Amino acid sequence: MQEFSKFPTKTGRRSLSRSISQSSTDSYSSAASYTDSSDDEVSPREKQQTNSKGSSNFCVKNIKQAEFGRREIEIAEQDMSALISLRKRAQGEKPLAGAKIVGCTHITAQTAVLIETLCALGAQCRWSACNIYSTQNEVAAALAEAGVAVFAWKGESEDDFWWCIDRCVNMDGWQANMILDDGGDLTHWVYKKYPNVFKKIRGIVEESVTGVHRLYQLSKAGKLCVPAMNVNDSVTKQKFDNLYCCRESILDGLKRTTDVMFGGKQVVVCGYGEVGKGCCAALKALGAIVNITEIDPICALQACMDGFRVVKLNEVIRQVDVVITCTGNKNVVTREHLDRMKNSCIVCNMGHSNTEIDVTSLRTPELTWERVRSQVDHVIWPDGKRVVLLAEGRLLNLSCSTVPTFVLSITATTQALALIELYNAPEGRYKQDVYLLPKKMDEYVASLHLPSFDAHLTELTDDQAKYLGLNKNGPFKPNYYRY
């Protein structure tokens, strides 16, 4: 109180009060994002903003947040040493000189490091967000201040979302020749709205299971007229980002939004792929009783051998305290399931797309929606039962918390190399199909990250290499090897 009384004016006391209140609010926002509430009423589309160079070729929440966003990016760079190393090694050669990359990913400090790496390697970039809740406003502002044409802010409407994508693609005097996508929305938009642009694209890099599924559908239908790189199924994405990132970020997202204690809680995780495995490992470690739903007998057997009970969702839906989806499918949790859930059941999604939980079925007159925190809604039934819905069924970790920077460095480095490979590949190397990253490239990405752990690889002798039929420098595993 003595310290507080040193602020004699009402203004001073209001400032202190506001900073405390702001900290409280920020603890529940994505990446503890700074948000100026005075801007909330005005859509960024209605603002006239320019950066310090006089450019207005962007649309962000508040360009004045750029300095704070720059600090966030610099912090991320410290734990993304491999990507920074790639930037330093290759920026003299400018392997992406002439590349015009249009991107649609989460816009966070970590992806900002990737975007600025691509620019350092010679590319021109225009960027939008793949998720309406995951953008860090201050990071978007920092990118805009640095000259990147970025169109994104946290809390976009559906109309804003597609408007931002269109602004990235549709610009006089600039035509994209590369696509970096997360979820397939950008690829779908260019394919449908700008077919002439799509035909001239030299390559697509896609990092999510949802987007990859869309690419394979186009390929199967004979409509994919450009080569595409499936980053999601590369070893350095699937076995690290999908598994280890989700193992740490699932709890972060749930704790920030609900403050729930997991010891003894009944949880059902829908899907036991790499994302599901990561989520289950974290929940089990905190003492939760974890059930699994699966369609694949191999994944189901893995779950059983890991000590989990494999069930049908209908069998446990009345008893569970938490439902987590991570299948990449649609209508995994239906209105029928939601009607049968117990009071205060928490429902969230760890898959990329917002199709796994049938949220649309909850927007009916008999149900009441109550926003209790940022990204936390109580859906109230007529009898008073409440279901706690997180991020409106969108990706939990990037909508409600943060993700580990180091593991994103692995994915970002893989994406950068995939873009370099597709852009510089001689004609004929890649046809109009979907490809996996070459094994040698996966191993290179992994090797760039080993120095962070002071790890020392054992080298094969000539005799050992001959015995195994390997090159001493790799690749060390055949393409069919499952890690």
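- As named in an unreviewed UniProt entry, the protein is Adenosylhomocysteinase, taken from Chelydra serpentina.
- UniProt's Pathway (unreviewed entry) comment on the protein is quoted here verbatim: "Amino-acid biosynthesis; L-homocysteine biosynthesis; L-homocysteine from S-adenosyl-L-homocysteine: step 1/1."

**With respect to unusual backbone geometry**
Phase 1 of the analysis: The omega torsion of the bond from G474 to P475 falls at 0°, within 30 degrees of zero and hence cis.
Phase 2 of the analysis: Residues other than glycine seldom take positive phi values, yet K94 does so here, at roughly 50°.
Phase 3 of the analysis: Tracing the backbone shows K94 in the loop between α4 (81-90) and β1 (100-105).
Phase 4 of the analysis: Non-glycine residue Q375 carries a positive phi angle of around 70°.

**Examining the UniProt feature "binding site: substrate" (unreviewed entry) in the protein**
Phase 1 of the analysis: In the numbering used here, UniProt assigns the "binding site: substrate" (unreviewed entry) feature to T108, D182, E207, K237 and D241.
Phase 2 of the analysis: As for its position among the elements, T108 is in the loop between β1 and α5 (109-120).
Phase 3 of the analysis: Tracing the chain through its elements places K237 in helix α11 (residues 235-258).
Phase 4 of the analysis: Residue K237 is classed as buried on the basis of its relative accessible area, which comes to 5%.
Phase 5 of the analysis: Sequence-distant contacts of K237, defined by excluding residues within four places in its chain, comprise E207, V231, N232, N242 and T411.

**Digging into the packing of aromatic side chains**
Phase 1 of the analysis: A complete count under the given rule lists 10 aromatic pairs for this structure.
Phase 2 of the analysis: Consider the rings of F240 and Y244, whose centres lie 5.8 Å apart with planes at 50°: the pair is tilted. One end of the pair is F240 and the other is Y244, both in helix α11 and four residues apart, which spans about a single turn.
Phase 3 of the analysis: Between the NZ or CZ atom of R126 and the centre of the ring of W174, over which it lies, the distance is 5.7 Å.
Phase 4 of the analysis: The ring of Y481 carries the charged tip of K477 above its face, separated from the ring centre by 5.3 Å.

What counts, and where the lines are drawn
Residues numbered from 1 in each chain as written. Predicted model: local features only at pLDDT ≥ 70, side-chain atom pairs only at ≥ 80, totals over all residues. Heavy atoms only, no water. UniProt positions renumbered as here; feature names shortened; annotations may be inferred. Helix = DSSP H or I, 4+ residues; strand = E, 2+ residues; numbered from the N terminus. Buried < 20%, exposed > 50% of the residue type's maximum accessible area, 1.4 Å probe, protein only. Contact = heavy atoms within 4.5 Å. Phe/Tyr/Trp six-rings, centres within 6.5 Å; stacked < 30°, edge-to-face > 60°. Lys NZ or Arg CZ within 6 Å of the ring centre and 35° of its normal.

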